[in-house]
Amino acid sequence: MSETVLSPSRRRPLTRFRRFGVLLACGLLGLTAPALAPVPAFAGQQDTDAVRITEFPLPTPPRSPVGITRGPDGNVWFTESGTNSIGRVTPRGRITEFPLPTPDSFPDDITAGADGRLWFTEPFRNRVGRITTRGRVTEYSLPTPDAFPLGITRGPDGNVWFTENGSNSIGRITPRGRITEFPLPTPDSFPYRITAGPDGNLWFTLPFVNRIGRITPHGKVTEFPLPNPDGAPFNITAGPDGNLWFTDAGGLAHEIGRITPRGKVTRYPLPTPDSGPIGITAGPDGNLWFTESNVDRIGRITPHGRLTEFPLPTTPGESRTPFHITAGPGGTLWFTELLGNRVGRVTVGGRHDTP
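Note that the structure is a prediction, hence the values are computed from the model and not measured. (Residues numbered from 1 in each chain as written. Predicted model: local features only at pLDDT ≥ 70, side-chain atom pairs only at ≥ 80, totals over all residues. Heavy atoms only, no water.)

A. Unusual backbone geometry, seen in detail. Located in the positive-phi region is Asp-274, a residue other than glycine, with phi close to 55 degrees. Structurally, the position occupied by Asp-274 is in the loop between strand S22 (265–269) and strand S23 (277–282). (Helix = DSSP H or I, 4+ residues; strand = E, 2+ residues; numbered from the N terminus.)

Listed below in C-alpha cells is the structure:
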C-alpha cells in the first residue's frame, strides 16, 4: 500500500485546524461537562415560554452543519462541512443541498452579500466561495498561502469581510472578487468570527488572546482585552441596543459578553455551568439568542441581561451540539446541530426585555 505524504503547505493548515479543534473539543464541547438530568423525548418540538423548537434532519449523515445565515431569497442557507456542500432550507423545512466543485474544502461560515448571493469560507482550500440562490458556485483563491479563512460577514461598505485564522489577518473581498488583506497587530491571535457593527466598523473575536477586535472599512485595527482572565470569545453579533454581544466559553466562566462601541465590557455568567456557548445572533423579539453546545440548549438574553434557557427536544443519551444561529424569515431563528445532523428552527413569542 502506498503512503501519502502531506506537503509542508498542507501540514500547516491541518495543524492550525487541529489546534482550533482542540480548543473546541476541550474548552467548549465539554470533556468535563457535568451530567445532565434526563430530558423527556419530544416529537420534534418543544414549547416553553412561548418558544417552539422544531428540528429538521439532513438527508444523509454525517453532514456536520456549521455556519448558517438568512438568504436574500427568503430561505436559510448553511454550510455542510462533513460533505463539502452548501445547504438551503425553506421556512417549512424543505432541504436542498449543493455540492461544491472543489473537494475537501470544509466550508465553515456563510453570509448573505450585498450582491444578492451567499458567500462562504473554505478553510482547507484557502478560498472564499460565492453561491447564487440557484446554486451556481464561484470560488476565489486567497493571495496568502494557508490563510485558513473562517468567519465571514457582509460589511457596511458593500463588500464581504472575513477572518484569516492562519495568516493572522482580516480579509475583504469585493463583489467582483478583488481581495485585500489587513494584518492584525497581535501575533498568533487566530481571528475566528466577524460581524458588522452598529458604528460602521467590523468587529471580530480573538479567542486565543482573549480579545475583541475592531477594524474600520479602511483597515485601521483596534483590540480590546477582555476582563475574564480565562476568556475565549467565539461568536459576535450586533445587538438591538447599539452594542456588540459575544459568547465566551473560556475557562470555567461560560458567559455572554457585551461590548460598547467604545470598548466597555459587561459580563453575564450563564446559569448552567460549562454550557459551551458558541453561536449568537440578534432575534426578532429584540433580544439576543445563543447556542449552548455542551448542554443542548438554546439561550436568550435580554438587553438588560435577563437570561432564559430552552432545552432542545432531544432523545436521552443523544447529543445534538447546537452550534451557530441566525435570525430567519417570519420571526424565527435557525441554528445548526454539529453532531445532531440537523438544522433547527426557533419560533419566538413576544418581547422579553424587562430588567
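Okay, back to it.
B. Inspection of the side chain of Thr-247 at higher detail. With respect to the helices, strands and loops of the structure, Thr-247 is situated in strand S20 (residues 244–248). Thr-247 gets classed as buried once you look at its relative accessible area, which sits at 0%. Look past the residues within four positions of Thr-247 in its chain and what remains in contact with it is Ala-232, Pro-233, Phe-234, Asn-235, Glu-255, Ile-256, Pro-277, Ile-278, Gly-279, Ile-280 and Phe-290. (Buried < 20%, exposed > 50% of the residue type's maximum accessible area, 1.4 Å probe, protein only. Contact = heavy atoms within 4.5 Å.)

C. Focus on the sheet that holds strand S16 (residues 202–206). Reading across the sheet, the four strands line up as S15-S16-S17-S18 and stay open at both edges, with antiparallel pairing between neighbours. Taken across any chain shown, the strands that pair with only one partner, and hence form the sheet edges, are strand S15 (194–196) and strand S18 (221–225). For this sheet, the mean angle separating the axes of adjacent strands, direction not counted, is 20 degrees. (Pairing = 2+ DSSP bridges. Axes fitted to C-alpha atoms, helices over the stretch in contact; angles between N-to-C directions.)

D. Summary view of the sheet that holds strand S25 (residues 297–301). What the four strands build is an open sheet, ordered S23-S24-S25-S26; its pairing is antiparallel. Edge positions in the sheet fall to S23 and strand S26 (307–311), since each of these pairs with one other strand and no more. The average undirected angle you get between the axes of adjacent strands in this sheet is 25 degrees.

E. Quick look at the packing of aromatic side chains. Inspection of the entire model under this criterion finds 11 aromatic pairs. Taking the centre distance of 5.6 Å and the plane angle of 20 degrees together, the rings of Phe-56 and Trp-334 count as stacked. With Phe-56 in strand S2 (residues 51–57) and Trp-334 in strand S28 (residues 332–337), this residue pair connects regions lying 278 residues apart in the sequence. For Trp-334, a relative accessible area of 0% puts it in the buried group. Centre to centre, the rings of Trp-119 and Tyr-140 are 5.8 Å apart; their planes meet at 15 degrees, and the pair counts as stacked. Taken together, the residues Trp-119 in strand S8 (residues 118–122) and Tyr-140 in strand S10 (residues 137–141) connect sequence positions 21 residues apart. With a relative accessible area of 1%, Trp-119 lands in the buried category. With a relative accessible area of 15%, Tyr-140 lands in the buried category. One aromatic cluster is present, built from ring pairs that chain together Phe-106, Phe-124 and Phe-148. (Phe/Tyr/Trp six-rings, centres within 6.5 Å; stacked < 30°, edge-to-face > 60°.)

F. Spotlight on the nonpolar core. Within the largest apolar cluster, 11 residues are counted, these being Val-51, Ile-53, Trp-289, Ile-298, Phe-310, Leu-312, Ile-325, Leu-333, Phe-335, Val-346 and Val-348. Listing elements by their share of this core, those giving two or more residues are S2 and S28. (Core = buried A, V, L, I, M, F, W, Y, C linked by side-chain atoms within 4.5 Å.)

G. Structural context of the pattern of salt bridges. In total, this model carries 11 salt bridges according to the counting rule given. Where Glu-139 meets Arg-127, a salt bridge forms, and the shortest distance between an N and an O atom there is 3.2 Å. Of this pair, Glu-139 sits in strand S10 while Arg-127 sits in strand S9 (residues 127–131), and the two are 12 residues apart along the sequence. Assessed through its relative accessible area of 21%, Glu-139 is described here as partly exposed. Note that Glu-309 is salt-bridged to Arg-297, the shortest N-O span being 3.3 Å. On the criterion of sequence distance, the pair formed by Glu-309 in strand S26 and Arg-297 in strand S25 is long-range, its members being 12 residues apart. The exposure class of Glu-309 is buried, given its relative accessible area of 19%. Residues participating in the shared-partner salt-bridge network are Glu-55, Arg-320 and Glu-337. (Salt bridge = Lys/Arg side-chain N within 4 Å of Asp/Glu carboxyl O.)

H. Spatial organisation of the pairing of S2. Among the seven residues of S2, five are classified as buried, and the element is accordingly described as predominantly covered. Of the pairings in the sheet, the one linking S2 to strand S29 (residues 342–347) comprises six bridges and is antiparallel in character. Bridge pairing in S29 places Pro-57 opposite Arg-342.

I. Geometry of the confidence of the model for the protein. Taken as a whole, the protein shows an average pLDDT of 86; of its residues, 84% reach a score of 70 or greater. Considering only residues more than four positions removed or in separate chains, one finds that residues 1–47, a stretch of pLDDT under 50, has 72 contacts. (pLDDT = per-residue confidence, 0-100.)

J. Structural view of the pairing of S8. Burial of S8 is extensive: five of the five residues sit out of reach of the surface. Along S8, one buried face is formed by Leu-118, Phe-120 and Glu-122 and the opposite face, lined by Trp-119 and Thr-121, is buried too. With antiparallel pairing between neighbouring strands as the criterion, strand S7 (residues 110–112) and S8 make up a hairpin whose turn holds five residues, including Gly-116 at a positive phi of roughly 80 degrees. The pairing of S8 with S9 spans five bridges and is antiparallel. Bridge assignment links Phe-120 to a residue of S9, and that residue is Gly-129. With antiparallel pairing between neighbouring strands as the criterion, S8 and S9 make up a hairpin whose turn holds four residues, including Asn-126 at a positive phi of roughly 55 degrees.

K. Spotlight on the environment of Ala-249. You can see Ala-249 is positioned in the loop between S20 and strand S21 (255–259). Owing to a relative accessible area of 2%, Ala-249 belongs among the buried residues under this scheme. Remark: the alpha-carbon pair of Ala-249 and Pro-207, spanning 42 residues in sequence, is separated by 9.3 Å.

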